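What follows is each chain in one-letter form.
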There are 2 protein chains.
Amino acid sequence: MLERLSDKWVTLVLTGLASGPRRYSDLSRRIAGVSQKMLTQTLRGLERDGLVRRTVTPSVPVRVDYELTPLGESLMPLVAAIKGWAEANIQTVEAARKTYDAA
Amino acid sequence: MLERLSDKWVTLVLTGLASGPRRYSDLSRRIAGVSQKMLTQTLRGLERDGLVRRTVTPSVPVRVDYELTPLGESLMPLVAAIKGWAEANIQTVEAARKTYDAA
DNA sequence: CGGGATCCGTCCGGATACTG
DNA sequence: CAGTATCCGGACGGATCCCG
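Predicted model only: the values in this text are computed from it and were never measured. (Residues numbered from 1 in each chain as written. Chains lettered and ligands numbered in written order. Predicted model: local features only at pLDDT ≥ 70, side-chain atom pairs only at ≥ 80, totals over all residues. Heavy atoms only, no water.)

1. Digging into the overall build of chain A
Item 1. A tally of helices and strands in chain A yields five helices and three strands.
Item 2. Going from N to C terminus, chain A has its helices and strands arranged as α-α-β-α-α-β-β-α.
Item 3. Here the C-alpha radius of gyration of chain A, 16 Å, is well above what a compact globule of 103 residues would show, namely 13 Å.
Item 4. For the C-alpha atoms alone, the extent of chain A along its principal axes is close to 60 × 25 × 25 Å.
Item 5. The burial tally for chain A puts 40% of its 103 residues in the buried class.
Item 6. Of the contacts made within chain A by residues no fewer than 6 positions apart, 44% connect residues no fewer than 24 positions apart.
Item 7. Carbon together with sulfur atoms contributes 53% to the accessible area of chain A, which is approximately 5,800 Å² in total.
Item 8. Placing the 15 positive and 11 negative side-chain charges of chain A at their respective mean positions leaves the two points 6 Å apart. (Helix = DSSP H or I, 4+ residues; strand = E, 2+ residues; numbered from the N terminus. Rg over C-alpha atoms; globule rule 2.2 N^0.38 Å. Buried < 20%, exposed > 50% of the residue type's maximum accessible area, 1.4 Å probe, protein only. Contact = heavy atoms within 4.5 Å. Areas by Shrake-Rupley, 256 points an atom, 1.4 Å probe, with all protein chains shown as cover. Lys, Arg positive; Asp, Glu negative; His and termini not counted. Charge placed at Lys NZ, Arg CZ, Asp CG, Glu CD.)

2. Digging into helix H4 (residues 36-48) of chain B
Residue and element names in this part refer to chain B.
Item 1. When the terminal C-alpha atoms of H4 are compared, their 18 Å separation across 13 residues agrees well with the 18 Å that a helix rising 1.5 Å per residue should span.
Item 2. Residues of H4 that are buried in the fold lie against helix H1 (2-5), helix H2 (10-17), helix H3 (24-30), strand S2 (52-57) and strand S3 (63-68).
Item 3. Positive backbone phi, approximately 80°, marks Gly50, located one or two places after H4. (Expected span 1.5 Å × (residues − 1).)

3. Considerations on the packing of H2(B) against H4(B)
Each pair of packed helices can be summarised by the angle the axes make with each other and by the distance between the axes.
Residue and element names in this part refer to chain B.
Item 1. Packing of H2 against H4 leaves a shortest axis separation of 10 Å and a crossing angle of 75°. The pairing of H2 with H4 is recorded here as roughly perpendicular in orientation. Residue-level contacts link Val10, Val13 and Leu14 of H2 to Leu39, Thr42, Leu43 and Leu46 of H4.
Item 2. Residue classes in the contact of H2 with H4 are distributed as six nonpolar, one polar and no charged. (Axes fitted to C-alpha atoms, helices over the stretch in contact; angles between N-to-C directions. Parallel < 35°, antiparallel > 145°, perpendicular 65-115°, else oblique. Nonpolar A, V, L, I, M, F, W, Y, C, P; charged D, E, K, R; others polar.)

4. A few points about the protein's contact with DNA strand D
Item 1. Near DNA strand D there are 17 residues, and of these A:Ser25, A:Gln36, A:Arg54, A:Tyr66 and B:Lys37 occur at the shortest range.
Item 2. In the interface set of DNA strand D, defined as its atoms within 4 Å of the protein, sugar plus phosphate atoms amount to 62%.
Item 3. A distance of 2.4 Å separates a base oxygen of DNA strand D from a polar side-chain atom of A:Gln36.
Item 4. Taking B:Ser35, its side chain carries an N or O atom lying 2.8 Å from a phosphate oxygen of DNA strand D.
Item 5. At the level of secondary structure, the elements contributing two or more residues to the surface near DNA strand D comprise helix H3 (24-30), helix H4 (36-48) and strand S3 (63-68) of chain A together with H4 of chain B.
Item 6. For the surface near DNA strand D, the leading source of residues is H4(A), giving four residues. (Near = heavy atom within 4 Å. Polar contact = N/O pair within 3.5 Å; in protein donor to acceptor, adjacent residues only side chain to side chain.)

5. Quick notes on the relation of the copies chain A and chain B
Item 1. Between chain A and chain B, which share one sequence, the superposing operator has a rotation angle of 180° and an axial displacement of 0.0 Å; the RMSD is 0.1 Å. Here the symmetry operator amounts to a two-fold rotation axis. Nearest to the rotation axis, the C-alpha of A:Ser6 is located 2.1 Å from it, this being the minimum over chain A. (Least-squares fit on C-alpha atoms with pLDDT ≥ 70 in both.)

6. A closer look at the nonpolar core
Item 1. Counting 54 residues, the largest nonpolar core has A:Leu14, A:Leu75, B:Leu14 and B:Leu75 as the members making the most contacts within it.
Item 2. Residue assignment for this core shows that the elements contributing at least two residues are helix H2 (10-17), H4, S3 and helix H5 (70-102) of chain A together with H2, H4, S3 and helix H5 (70-102) of chain B.
Item 3. Excluding residues within four positions of it along the chain, A:Leu14 makes contact with A:Leu46, A:Val52, A:Leu68, A:Leu75, A:Met76 and A:Val79. (Core = buried A, V, L, I, M, F, W, Y, C linked by side-chain atoms within 4.5 Å.)

7. Focus on the pairing of S3(A)
Residue and element names in this part refer to chain A.
Item 1. Sheet topology places strand S1 (residues 22-23) next to S3; two bridges connect them, and they run antiparallel. Bridged to Arg23 within S3 is Asp65.
Item 2. Bridge analysis of strand S2 (residues 52-57) against S3 gives six bridges, and the strand direction is antiparallel. Of the residues in S3, the one forming a bridge with Thr57 is Arg63.
Item 3. Hairpin geometry of S2 and S3 is characterised by an intervening segment of five residues between the two adjacent antiparallel strands. (Pairing = 2+ DSSP bridges.)

8. Quick look at the UniProt feature "domain: HTH hxlR-type" (unreviewed entry) in chain A
Item 1. Here, UniProt's "domain: HTH hxlR-type" (unreviewed entry) annotation points to residues 1-94 of chain A.
Item 2. The span residues 1-94 of chain A is 61% helix and 15% strand, and its two end C-alpha atoms sit 29 Å from each other. (UniProt positions renumbered as here; feature names shortened; annotations may be inferred.)

Written out as structure tokens, the structure is:
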């Protein structure tokens, strides 16, 4: 469980879904640097864990939407808190790195 | 920054330091499954980022203590919250996995 | 005791090509 | 559009040996 939470892309995907349902191509555009393979793989994992729901609309071409489940939403305050901490302290951390690397 | 937070061992090491300073061998015993290489590497990274302070006591044999810096401690509520969420919802997640795998 | 250095297998993840 | 399949290099991380 902790391993899934510590996946590099999970936080990004979850954040991408925070404000409502998103289509696959929508997500892939919003998440910079993610490959199609990793995005699909991450979504599959989150779906398996019950954090994300996948909805297929059988039109032509097919349309697929992803959205957070209630369980997934219950995780969002924590994800947001982490993002907030990171943004608030990134400069302190980078200063510490410079000091460390100088020695 | 997010990448460092998403490191597999970081959460474990941080948790291991939550209740005060620990010696190296102490940490390695408390964190199940961590190799000496990974423990050292993780501690170095956290020290570099200013989250952990390393103190060497030049006795024979040498004694090394690790402890959270104020910056590191400011991260602990988030780590604890994540651990709490994981423990509270692990069974729901595992049930979702079984359902998913059955299909 | 607290590591550093090295070797080496495994798996992560990107690139590419193809499909309903 | 939303994937699946395959190939493949490189990073991750364990095991082992050595040292002050």
